[in-house]
Amino acid sequence: MATFDQLSDIKLAEHETLIQLLNDTFEKYSNKPAFHCLGQTLTFNDIDQKSKAVAAWFQENTTLKQGDRIAIQLPNLIQFPIVAYAAIRCGYILVNTNPLYTPREMQHQFSNSNAKMLITLTSNLSKFEEIADHTGIEYVITTSPTDLIDLKNSSSIKAESGTSVSNKPFNLQTLTNILVSDCTANYQQPQSNNQNDIALLQYTGGTTGPAKAASLSQANVLSNVKQSYSRLGDACKEGEEVFACPLPVYHIYAFTVNLLLFFSRGNLNVLIPNPRDMDAFINTLSQFKITGISGINTLFVGLCYHPNIKQIDFTQLHFSLSGGTTLTPIAAKLWKETTGCTITEGYGLSETSPVLTLNPPGHEVIGSVGLPLVGTEIEIWDDNGKPVAQGEEGELVARGPQIMLGYWQNEEATSTTITPNGWLKTGDIAVKLNNGYIKIVDRKKDMIIVSGFNVYPNEVEAVLTMHDEIAEAAVIGEADDHSGECVVAYVVAKAGAEVTAQAIIDFCKTQLTGYKVPKKVNLVSELPKSSVGKILRKDLRK
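Residues numbered from 1 in each chain as written. Predicted model: local features only at pLDDT ≥ 70, side-chain atom pairs only at ≥ 80, totals over all residues. Heavy atoms only, no water.

Undergrad: Explain helix α14 (residues 457-464) here, please?
TA: An α-helix turns once every 3.6 residues. As a result, residues three or four positions apart point the same way. Of all eight residues in α14, seven are buried, a share of seventy percent or more. For α14, the complete set of buried residues consists of Pro457, Asn458, Val460, Glu461, Ala462, Val463 and Leu464. (Buried < 20%, exposed > 50% of the residue type's maximum accessible area, 1.4 Å probe, protein only. Helix = DSSP H or I, 4+ residues; strand = E, 2+ residues; numbered from the N terminus.)

Laid out in structure tokens, this is it:
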């Protein structure tokens, strides 16, 4: 793992460990609502008791010890914070896992992390069974979306004895059975938990090979909670906010922002299990006067174009957070017109816990990702590792207390990503504006070189979405005999639009210099996206 001195001008909050943060939060906000999902709201005390019961069961019924890895493969259900907080209370290392993963992807992540326990949806069990023999997982706990609702509405559910299933290579249990057995009184808090322990193994997208796990320490994530909160200021009022959380909490963005930051300030998180079901999403939002929402570009646009958007009461909305992918000016404008609220864009990576920069709410510079957080150093380097002149483009590098320890069991990748003096190379092309704000130009690997000229897909995509009949667009480079590479666009037209490829090319010619204009335009019904809604250029390149 890389080692480096953390910057002295940012100290951890009053909590040195995540267990301390949980304990203080539960005590301070006991009777306030903490999480809402599928029509059910649980208070901080409810979450406290249920997570403690699960933690006690872990300690009494498994051989797991502090530092062991536990994989959580759940969508945005209240079960997620319950089991995540339970794992934290035992001193386990969380391995956040996408519930949509294929057996191959599951096998890599579980084997690489050497996870010993899996908590997953009952409907996902058959996928895991395909690769169970090729992992070290000894315990599997299953749950279904409505389990907590069924548990509340039934007094006849009884705990079943035993956890072993003879014909399976692992011990199988249900979360309902664990909660009914209620071992809360037997929970023992670890005594050796400290801020240098690894808290999370957060796997990256794996766009350049097998996914790697960023090792994030207690200090990393707790620092980022404090750093982000100091930037938000009055945009996150203690105990008063109702935050909509459509982004998956297994992703580091929502995990830090929703499950740690907003939660630790006594606010209500409204979990959205499937934001792609826009009808259900809007129906849930219509039940609240939401004060904040975290999302990404495609989600904000999708909401604005939905015919039932007027069902939502946006009169209390004063904070909209965007990250994960570039926010287009058109999306920001559309959201402001629809809701009356600006979007506060930030920037970060799984490797940075995740936030590095964030616009100050109310003082956003649209098109930028804001200013570095307190205690965070940002520089722009050339290909030789030297800082470029003010206003010039180069690779963004960062240093601060939120930077990961390194990649899990991958010293080679760590050494090529983190310099000996602690600078993380992000792989993103950026420029520092005169006012100190940072603008992300594009991913270094996504840059297209046309006849020696650099073309950044973000710029072309922003122009494409300016077209009145285009809903979404993605741009990649393809090999070209004459120019080395050419620009190729994939475009989703708005419902009912009859735009042609040539019309799109003609429009681009009015907005872009010649070498940036797409040579090809493919009209498609949808774009490939990740679980958080990020457009996957790598899939288009295939």
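Still more to cover.
Undergrad: Sorry if this is basic, but what is going on with the pairing of strand β11 (residues 268-271) here?
TA: Side-chain direction in a regular strand flips from residue to residue, so the side chains alternate between the two faces of the sheet. By the alternation rule, side chains of β11 split into Leu268 and Val270 and Asn269 and Leu271, which are all buried. Two strands pair when backbone bridges link them, and strand β1 (residues 33-37) and β11 are joined in this way by two bridges, in the parallel orientation. The partner of Phe35 across the bridge, within β11, is Asn269. In terms of strand pairing, strand β10 (residues 242-245) meets β11 through four bridges, oriented parallel. Residue pairing across strands places Val242 opposite Leu268, the latter belonging to β11. Crossover β10 to β11 through helix α9 (residues 252-264) is right-handed. (Pairing = 2+ DSSP bridges. Right-handed = clockwise from strand over helix to strand, strands pointing away.)

Undergrad: Any chance you could explain the packing of helix α11 (residues 297-305) against helix α12 (residues 329-339) here in plain terms?
TA: How two helices sit against one another is set out by the angle between their axes and by the gap between those axes. In the contact formed by α11 and α12, the axes pass within 9 Å of each other and the chain directions differ by 40 degrees. Here α12 runs oblique to α11, going by the angle between their axes. Here the hand of the crossing between α11 and α12 comes out left-handed. Contacts between α11 and α12 involve Asn297, Phe300, Val301, Leu303, Cys304 and Tyr305 from the former and Ala331, Leu334, Trp335 and Thr338 from the latter. The class makeup of the residues in the contact of α11 with α12 is eight nonpolar, two polar and no charged. (Axes fitted to C-alpha atoms, helices over the stretch in contact; angles between N-to-C directions. Parallel < 35°, antiparallel > 145°, perpendicular 65-115°, else oblique. Left-handed = near helix turned anticlockwise from the far one by under 90°. Contact = heavy atoms within 4.5 Å. Nonpolar A, V, L, I, M, F, W, Y, C, P; charged D, E, K, R; others polar.)

Undergrad: It is not clear to me how the nonpolar core should be interpreted in this structure. Could you clarify?
TA: In terms of nonpolar packing, the biggest core is built from 123 residues, with Phe58, Trp335 and Leu396 touching the most fellow members. For this core, the element with the most residues is α9, which contributes ten residues. Apart from the residues lying within four places of it in its own chain, the contact partners of Trp335 are Ile293, Phe300, Leu303, Cys304, Phe314, Leu317, Ser320, Gly340, Cys341, Thr342 and Ile343. Of all hydrophobic cores here, the second largest spans 21 residues; its members include Ile93, Ile137, Ala211 and Trp408. (Core = buried A, V, L, I, M, F, W, Y, C linked by side-chain atoms within 4.5 Å.)

Undergrad: Which parts of the structure should I look at to understand the sheet that holds strand β18 (residues 394-399)?
TA: One key point about sheets: their strands pair by backbone hydrogen bonds, in either a parallel or an antiparallel sense. Taken in spatial order, the four strands line up as β17-β18-β20-β21 in an open sheet, and their pairing is antiparallel. On the outer flanks of this sheet lie β17 (377-381) and β21 (438-443), each paired with one strand and no other. Neighbour-to-neighbour, the strand axes of this sheet turn through a mean angle of 50 degrees, independent of strand direction. Of the pairings in the sheet, the one linking strand β20 (residues 424-432) to β21 comprises five bridges and is antiparallel in character. What sits directly across from Ile429, in β21, is Asp442.

Undergrad: What is the right way to read the pattern of salt bridges from this model?
TA: Note on pairing: side chains with opposite charge can pair once their charged atoms come close. The final tally for this structure, using the stated rule, is 17 salt bridges. Taken together, the shared-partner salt bridges connect Asp442, Asp446, Glu461, Arg537 and Arg541 into one network. (Salt bridge = Lys/Arg side-chain N within 4 Å of Asp/Glu carboxyl O.)

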